[in-house]
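# Topology and contacts: notes
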Amino acid sequence: MKIAIECKCLLLKESLKLFLKDQIYPKDEASLIICDYEYKTDKIILILGKDLRVPFTKEDLISSINEANLANSMNISNLANLIQNPDNNPNLEAQIDTLLNKFKKDLIQIIKNAK
């Protein structure tokens, strides 16, 4: 996956470069943009502190990138096709589990923040 980094925080920017060295591209070539502020784009976006807690590990980062990519790729028409033809996608259960785990994690974070 081609990833662009748009961070105001230099420490976050350099950490991301270290973790993703071979996947970093200019934002016009990237399919995903990682940033530390609200950023408007038509591409997949991952906001640090919102979609991925800070500090993060390399494993957390890779997992969040995969979840964002999966969520983006599963639009309504794809989901309808998967439901009608589940044999066409052997990873359906894994994809659903990933989405449910992200939803659960986000819901727990919302509840914690509300306290």
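First things first, this report covers the structure right here in the doc. Quick caveat, the model's predicted, so the values are computed rather than measured.

Calculation notes
Residues numbered from 1 in each chain as written. Predicted model: local features only at pLDDT ≥ 70, side-chain atom pairs only at ≥ 80, totals over all residues. Heavy atoms only, no water. Salt bridge = Lys/Arg side-chain N within 4 Å of Asp/Glu carboxyl O. Helix = DSSP H or I, 4+ residues; strand = E, 2+ residues; numbered from the N terminus. Buried < 20%, exposed > 50% of the residue type's maximum accessible area, 1.4 Å probe, protein only.

## Let's talk about the pattern of salt bridges
When the charged atoms of two side chains lie near each other, side chains of opposite charge can form a pair. Applying the stated rule across the entire model yields five salt bridges. A salt bridge links K27 to E6, with the shortest nitrogen-to-oxygen separation between them at 3.8 Å. Of this pair, K27 sits in the loop between α1 (10-19) and β2 (32-35) while E6 sits in strand β1 (residues 3-6), and the two are 21 residues apart along the sequence. K102 is the salt-bridge partner of D106, the closest N and O atoms lying 3.1 Å from each other. You can see D106 and its partner K102 sitting in helix α4 (residues 92-114), four residues apart, about one turn around the helix. For D106, a relative accessible area of 29% gives the class partly exposed.

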